[in-house]
Amino acid sequence: MFRPIDSGAPVRAITLTVDGRPLQARDGDTLAIALLHGAIVPFRHTALSGAPRAPLCLMGACFECLVEVDGRPNVQACMIAARE
């Protein structure tokens, strides 16, 4: 579904820790892209119905990609850079 554009330039790999597990990502990708490439879906479940949620717009408009990052809740994964 999602595929990085190959610019020909070498890309540095980074390692994220997601729910205690290592996840390989590309330096410069957003957290949402890193999670999608790692097949970490859904990102969350709604409070009322428990419906699964994952990124929709990937540009900060929809708020479907909310995750907890380093103890900080409700971070938009599409608006934050992936980092080790």
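The structure this text deals with has already been given above.
Below is a summary of the structure that appears in this document. Keep in mind it's a predicted model, so treat the numbers as computed, not measured.

1. Regarding the pairing of strand β1 (residues 13–18)
Here's step 1: Across the two faces of β1 the burial differs, with I14, L16 and V18 buried and A13, T15 and T17 not buried at all.
Here's step 2: Across 6 bridges, β1 lies against strand β2 (residues 21–26) in antiparallel orientation. In the strand pairing of β2, A13 is matched with R26.
Here's step 3: With antiparallel pairing between neighbouring strands as the criterion, β1 and β2 make up a hairpin whose turn holds 2 residues, including D19 at a positive phi of roughly 50°.

2. Side note on the side chain of D29
Here's step 1: Mapped onto the elements, D29 comes out in the loop between β2 and α1 (31–37).
Here's step 2: Exposure remark for D29: the relative accessible area of 16% places this residue in the buried category.
Here's step 3: Setting aside residues no more than four positions away along its own chain, D29 makes contact with A81 and A82.

3. Digging into unusual backbone geometry
Here's step 1: Each neighbour pair has its own omega, and for V41 with P42 the value is 0°, a cis peptide bond.
Here's step 2: Secondary-structure assignment places P42 in the loop between α1 and β3 (44–45).
Here's step 3: Despite not being glycine, A39 shows a phi value in the positive range, around 60°.
Here's step 4: Inspection of the secondary structure assignment puts A39 in the loop between α1 and β3.
Here's step 5: Under the relative-accessibility criterion, A39 is labelled exposed at 61%.
Here's step 6: One non-glycine residue, D70, lies in the positive phi region at around 50°.
Here's step 7: With respect to the element layout, D70 can be found in the loop between β5 (66–69) and β6 (72–76).
Here's step 8: Assessed through its relative accessible area of 66%, D70 is described here as exposed.

Rules behind the numbers
- Residues numbered from 1 in each chain as written.
- Predicted model: local features only at pLDDT ≥ 70, side-chain atom pairs only at ≥ 80, totals over all residues.
- Heavy atoms only, no water.
- Buried < 20%, exposed > 50% of the residue type's maximum accessible area, 1.4 Å probe, protein only.
- Helix = DSSP H or I, 4+ residues; strand = E, 2+ residues; numbered from the N terminus.
- Pairing = 2+ DSSP bridges.
- Contact = heavy atoms within 4.5 Å.

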